[in-house]
Amino acid sequence: MAKRLVPLLNRVLVEKIIPPSKTNAGILLPEKSTKLNSGKVVAVGAGLHDKQGNHIPVSVSEGDEVLLPDYGGTEVKLGDKEEFTKSV
């Protein structure tokens, strides 16, 4: 049985991108360049409704690359993948 998370409301599921530690030519990159927290949006919630009932969609879509904050969000592990849920 496959596990699948579906975010609700204005939440987004982001898979963290692990940057390479060395280039194709074999040059080792410093730690500072590999600490950039970026991720790929895997799933997006439907959005929210305001007081008048108008639908407010989420501003990102599946496949977008986003920057992740150092703190915040909820870390979720599915198998060997490390993913985060974040409210937008």
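For the structure, see preceding data.
Since the model is a prediction, treat every value here as computed from it, not as a measurement.

J.: Sorry if this is basic, but what is going on with the overall build of the protein chain here?
T.: Helix and strand counts for the protein chain come out as one helix and seven strands. For the protein chain, the α and β elements follow one another from N to C terminus as β-α-β-β-β-β-β-β. Counting only residues that meet the buried cut, the protein chain has 22% of its 88 residues in that class. Nonlocal contacts in the protein chain, meaning residues at least 24 apart in sequence, comprise 56% of its contacts between residues at least 6 apart.

J.: Quick question: what am I supposed to make of the pairing of strand 7 (residues 81-87) here?
T.: Bridge count between strand 1 (residues 11-17) and strand 7: five bridges; the pairing is antiparallel. Paired with Glu 15 across the bridge in strand 7 is Glu 83. Counting the residues in the hairpin turn of strand 6 (residues 74-78) and strand 7 gives two residues, including Gly 79, whose phi is positive at 65 degrees.

J.: What is the right way to read the sheet that holds strand 2 (residues 38-44) from this model?
T.: Pairing between the strands of a sheet is mediated by backbone hydrogen bonds and can be parallel or antiparallel. Spatial strand order, 5-2-1-7-6: five strands in an open sheet with antiparallel pairing. The open sheet has two free edges, formed respectively by strand 5 (65-67) and strand 6, since each of these has just one partner strand. Going from strand to strand, the sheet's axes swing by 40 degrees on average, the running direction of each strand aside. The pairing of strand 1 with strand 2 spans six bridges and is antiparallel. For Ile 17, the partnering residue across the bridge sits in strand 2 and is Ser 38.

Reading the values: rules and limits
Residues numbered from 1 in each chain as written. Predicted model: local features only at pLDDT ≥ 70, side-chain atom pairs only at ≥ 80, totals over all residues. Heavy atoms only, no water. Helix = DSSP H or I, 4+ residues; strand = E, 2+ residues; numbered from the N terminus. Buried < 20%, exposed > 50% of the residue type's maximum accessible area, 1.4 Å probe, protein only. Contact = heavy atoms within 4.5 Å. Pairing = 2+ DSSP bridges. Axes fitted to C-alpha atoms, helices over the stretch in contact; angles between N-to-C directions.

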